[in-house]
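Spelled out from the first residue to the last, the chains are:
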Amino acid sequence: MTADSNKTKAQLIQELNEARGRVNELEHARSQYRRLAHAAQDLIFRVNVPGGHFEFVNDSCQDVLGYPPEVLEADPDFLKKCVHPDSVETFSAEFGRLVQGNCSPCHRYRIVHPSKGERLLEQRNSLFRDPEGKPIGVLSIAKDITHSEMVEEDQARARESLGLWNFILDNVLDHIPG
């Protein structure tokens with residue numbers, strides 16, 4: 001063996017070891033991401049574009065939608081079946097844009113949860129593109145905002161009621177002599 005062939009073998013071994021190290025780092029990062037995604041309280045899912053198939057759905061699917069993640073992964077149309085009748089038209093339009101890679105960054109829709117009833121979800125979307133700029137997937141996070149929406153509505157009613165009382169008091173005080 002010549003010095004050149006030994007050097008080449010040594011370089012190949014070093015490159016192979018470096019590649020193994022990068023693969024291990026990538027597997028570790030992927031494992032951390034999956035643990036984080038599955039621990040999240042919001043529904044996190046990735047949809048391929050343009051097919052519309054769910055590539056990943058976290059465990060919060062059970063709490064947010066009332067169904068296990070495997071149901072969405074097995075049936076791309078299942079999420080549409082959870083949507084409240086009042087939201088079907090807008091949801092279908094948004095989901096249609098999403099699977100074509102032309103999604104809005106955020107939208108709201110109502111669903112019917114099997115045990116919790118009507119719920120309001122806010123969904124945020126991030127589009128992924130290949131190196132040529134072609135859409136290849138969408139990462140979405142859907143949060144159940146039912147409670148916070150109810151609180152906002154209660155606050156709005158309270159402000160309206162307070163405004164009415166202020167108007168009444170102002171008018172009553174104007175008519176009191178003295």
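Residues numbered from 1 in each chain as written. Predicted model: local features only at pLDDT ≥ 70, side-chain atom pairs only at ≥ 80, totals over all residues. Heavy atoms only, no water.

A word on the pairing of strand β3 (residues 106-113)
Operational definition: Burial here depends on accessible area, computed with a 1.4 Å probe over protein chains only, as a share of the maximum for the residue type. Under 20% is buried, over 50% is exposed, and the range in between is partly exposed. A run of H or I in DSSP becomes a helix once it reaches four residues, and a run of E becomes a strand once it reaches two; helices and strands are each numbered from the N terminus. Note on pairing: DSSP must find at least two bridges between two strands before they are called paired.
The side-chain alternation of β3 yields one buried face, formed by His 107, Tyr 109, Ile 111 and His 113, and one unburied face, formed by Cys 106, Arg 108, Arg 110 and Val 112. Pairing geometry for β3 and strand β4 (residues 117-129), over 8 bridges, is antiparallel. Within β4, the position partnered with Val 112 by the bridge is Glu 118. Where β3 hands over to β4, the hairpin turn is made up of 3 residues, counted between the paired strands.

Brief notes about the pattern of salt bridges
Threshold: Any carboxyl oxygen of Asp or Glu within 4 Å of a side-chain nitrogen of Lys or Arg constitutes a salt bridge here.
Summed over all chains, the structure comprises 11 salt bridges. Asp 63 serves as the salt-bridge partner of Lys 116, at 2.9 Å between the closest nitrogen and oxygen. One end of the pair, Lys 116, is in the loop between β3 and β4; the other, Asp 63, is in helix α2 (residues 61-65), with 53 residues separating them in the sequence. A relative accessible area of 38% places Lys 116 in the partly exposed class.

Here's the deal with the nonpolar core
The criterion, for reference: Joining through side-chain atoms within 4.5 Å is the link that ties buried Ala, Val, Leu, Ile, Met, Phe, Trp, Tyr and Cys residues into a set, and such a set is a nonpolar core. Residue contacts are defined here by distance: any two heavy atoms, one from each residue, within 4.5 Å place the two residues in contact.
Ranked by internal contacts, the top residues of the largest apolar core, which has 24 residues, are Leu 43, Phe 54, Leu 65, Leu 72, Leu 79 and Tyr 109. Secondary structure elements with two or more residues in this core: β1 (43-48), β2 (54-57), α2, α4 (78-82), α5 (88-99), β3 and β5 (135-144). For this core, the leading source of residues is α5, giving 4 residues. For Tyr 109, the contacting residues outside a window of four places in its chain are Leu 79, Val 83, Ser 87, Phe 91, Arg 119, Leu 120, Leu 121, Gln 123 and Ala 142.

Describing the packing of aromatic side chains
Selection rule: Only Phe, Tyr and Trp rings take part, Trp by its six-membered ring, and two of them pair if their centres are within 6.5 Å. Stacked means planes under 30 degrees apart, edge-to-face means over 60, and tilted covers everything else. Geometrically, a charge over a ring is one whose NZ (Lys) or CZ (Arg) sits within 6 Å of the ring centre while staying within 35 degrees of the ring normal.
Going through the model one piece at a time under the given rule, you end up with 5 aromatic pairs. With a centroid separation of 4.8 Å and an interplanar angle of 80 degrees, the aromatic rings of Tyr 67 and Phe 78 are classed as edge-to-face. Of the two residues, Tyr 67 is situated in the loop between α2 and α3 (69-74) and Phe 78 in helix α4; the sequence distance between them amounts to 11 residues. Residue classification places Phe 78 among the buried residues on the basis of a relative accessible area of 14%. Three or more aromatic residues joined by ring pairs form one cluster here, namely Phe 45, Phe 54, Phe 91, Phe 95 and Tyr 109. A cation over an aromatic ring shows up here: Arg 46 above the ring of Phe 128, its NZ or CZ 4.8 Å from the ring centre.

Observations regarding α5
Put simply, the rule reads: A helix's residues, less one, multiplied by 1.5 Å, set its expected span.
Taking 1.5 Å as the rise per residue, α5 with 12 residues should run 16 Å; its terminal C-alpha atoms sit 16 Å apart, in good agreement. Where α5 is buried, its residues contact β1, β2, α4, β3, β4 and β5. Phi for Gly 101, located one or two positions after α5, is positive at around 80 degrees.

Things to note about the pairing of β4
A regular strand places its side chains on the two faces of the sheet in alternate fashion. The pairing of β4 with β5 spans 9 bridges and is antiparallel. The partner of Arg 124 across the bridge, within β5, is Ile 141. Connecting the antiparallel pair β4 and β5 is a turn made up of 5 residues, with Gly 133 showing a positive phi of about 95 degrees.

Regarding the sheet that holds β4
We count it as follows: For helices, the fitted line uses only the C-alpha atoms of the stretch in contact; every axis is such a line through C-alpha atoms, and the angle between N-to-C directions lies from 0 to 180 degrees.
Strand order in this open sheet of 5 strands is β2-β1-β5-β4-β3, and the pairing throughout is antiparallel. Looking at which strands have only one partner, the edges of the open sheet turn out to be β2 and β3. Neighbour-to-neighbour, the strand axes of the sheet open up by a mean angle of 25 degrees, direction not taken into account. Looking at chain direction, β1 and β5 are connected through 6 bridges and run antiparallel. Residue pairing in the sheet places Leu 43 in a bridge with Ala 142 of β5.

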